[in-house]
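If you want the building blocks of each chain, they are given just below.
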Amino acid sequence: MLPLLLASSSVYRRQLLARLQLPFTCSSPDIDESHRSGETAIELVKRLAEEKARALAGSHPAHLIIGSDQVAVLGNRIIGKPHTFEKAREQLLASSGASVTFLTGLALFNSQTGDCQVDCVPFTVHMRTLDPARIERYLHAEQPYDCAGSFKAEGLGVSLFQSTEGPDATSLIGLPLIRLIDMLLAEGVQIP
């Protein structure tokens, strides 16, 4: 098996990939993550996932490189990481009683052959009706300012959900393992 490389510095993605019990290393790619004019959210995450994987090919020849990128979509608007309490509060107020769709782009690039598999895995969270006091209690408790949508699904953020739907719950955290396993199997990786 070619060495496996996760093109990410995300602790969440690293924890998810570790579930597969395969040896891997991590390296953070340096790419421009700007949204291009006319680009849909799906096109954006697929492009960025592939660019992240390809960006490390020069320094990691003969590797299977995993790239992933995620955006949250509320209505027709992409919402990103809030970074601050105030922005997180605004995002959660806007999401109250609504549905937020997370689009996770995934790429597996074989830097030896140049083959690249790319996909987008959607996952939708239907939010409970949230009052400002509950939102503030949650934000003080978990401080999810580095998470798109302003909540940590793997933590207390689940208390904000009414229901969820999608083909792979791990895509909500940023690395769709079910789809990744399909890609790895196509490259001849044995799991388990």
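Residues numbered from 1 in each chain as written. Predicted model: local features only at pLDDT ≥ 70, side-chain atom pairs only at ≥ 80, totals over all residues. Heavy atoms only, no water.

### Re unusual backbone geometry
Each neighbour pair has its own omega, and for Ile 191 with Pro 192 the value is -20°, a cis peptide bond. Along the chain, the position of Pro 192 falls in the segment after helix H6 (177-186). (Helix = DSSP H or I, 4+ residues; strand = E, 2+ residues; numbered from the N terminus.)

### Re the nonpolar core
With 21 residues, the main nonpolar core has Leu 92, Phe 102, Val 125, Met 127, Phe 151, Leu 160 and Phe 161 as its most contacted residues. Put simply, the parts of the chain that give this core at least two residues each are strand S3 (64-74), helix H3 (85-95), strand S5 (99-110), strand S6 (116-127) and helix H4 (132-142). In this structure Leu 92 touches Met 127, Leu 130, Ile 135, Tyr 138, Leu 139, Gly 149, Ser 150, Phe 151 and Leu 160, once residues within four positions along its chain are discounted. Within the second largest apolar cluster, 17 residues are counted, among which are Leu 16, Leu 106, Met 183 and Val 189. (Core = buried A, V, L, I, M, F, W, Y, C linked by side-chain atoms within 4.5 Å. Buried < 20%, exposed > 50% of the residue type's maximum accessible area, 1.4 Å probe, protein only. Contact = heavy atoms within 4.5 Å.)

### As for the UniProt feature "active site" (unreviewed entry) in the protein chain
Feature annotation in UniProt places "active site" (unreviewed entry) on Asp 69, given in this structure's numbering. Of note, Asp 69 is situated in strand S3. The exposure class of Asp 69 is buried, given its relative accessible area of 6%. Not counting residues within four places of it along the chain, the set of residues in contact with Asp 69 comprises Arg 13, Glu 33, Val 45, Leu 48, Ala 49, Lys 52, Leu 103, Thr 104 and Gly 105. Within polar-contact distance, the side chain of Asp 69 engages the side chain of Lys 52 at 2.8 Å. (UniProt positions renumbered as here; feature names shortened; annotations may be inferred. Polar contact = N/O pair within 3.5 Å; in protein donor to acceptor, adjacent residues only side chain to side chain.)

### Section: the side chain of Glu 39
Among the structural elements, Glu 39 can be located in the loop between strand S2 (24-26) and helix H2 (41-55). Taking relative accessible area as the criterion, Glu 39 reaches 12% and is therefore assigned buried. Ignoring sequence-local partners within four residues, the contact set of Glu 39 consists of Ser 34, Leu 44 and Arg 47.

### Quick look at the packing of H3 against H4
Two elements in contact, H3 and H4, have axes separated by 10 Å at closest approach and are oriented at 135°. Classified by the angle their axes make, H3 and H4 are oblique. Here H3 and H4 pass one another in a crossing that is right-handed. Packed against H3, whose contacting residues are Phe 85, Ala 88, Arg 89, Leu 92 and Leu 93, the element H4 presents Pro 132, Ile 135, Glu 136, Tyr 138, Leu 139 and His 140 at the interface. Residues belonging to the contact of H3 with H4 are distributed by class as follows: eight nonpolar, one polar and two charged. (Axes fitted to C-alpha atoms, helices over the stretch in contact; angles between N-to-C directions. Parallel < 35°, antiparallel > 145°, perpendicular 65-115°, else oblique. Left-handed = near helix turned anticlockwise from the far one by under 90°. Nonpolar A, V, L, I, M, F, W, Y, C, P; charged D, E, K, R; others polar.)

### Points about H2
Between its first and last C-alpha atoms H2 spans 21 Å; for 15 residues at 1.5 Å apiece the expected length is 21 Å, and the two agree. For H2, the elements touching its buried residues are helix H1 (11-18), S3, strand S4 (77-79), S5 and S6. (Expected span 1.5 Å × (residues − 1).)

### Some details on the pairing of S5
Counting buried residues along S5, 10 of its 12 residues qualify, which places the element largely inside the surrounding structure. Bridging between S3 and S5 involves 11 bridges; their strand directions are antiparallel. Residue Ala 72 lies in a different strand from S5, and its bridge partner there is Phe 102. Here 11 bridges tie S5 to S6, and the two strands are oriented antiparallel to one another. Paired with Phe 109 across the bridge in S6 is Cys 116. Taken together, S5 and the strand that follows it, S6, pair antiparallel across an intervening segment of five residues, in which Gly 114 is found at a positive phi of about 85°. (Pairing = 2+ DSSP bridges.)

### Focus: the environment of Leu 177
Inspection of the secondary structure assignment puts Leu 177 in helix H6. Those residues in contact with Leu 177, other than ones at most four positions away along the chain, are Leu 16, Leu 17, Arg 19, Leu 20, Asp 168 and Thr 170.

### Focus: H4
When H4 is considered as a whole, its buried residues turn out to be Ile 135, Tyr 138, Leu 139 and Glu 142. For H4, the arc enclosing every buried residue in end-on projection is 95°, short of the 170-degree limit, so these residues lie on one face. More than 90 degrees from the buried face of H4, the exposed residues found are Arg 137, His 140 and Ala 141. Buried residues belonging to H4 abut H3. Its side-chain oxygen 3.1 Å from the backbone nitrogen of Ala 133, Asp 131 forms the N-cap of H4. Positioned one or two residues after H4, Gln 143 has a phi angle of 50°, which is positive. (Arc of directions from axis to C-beta.)

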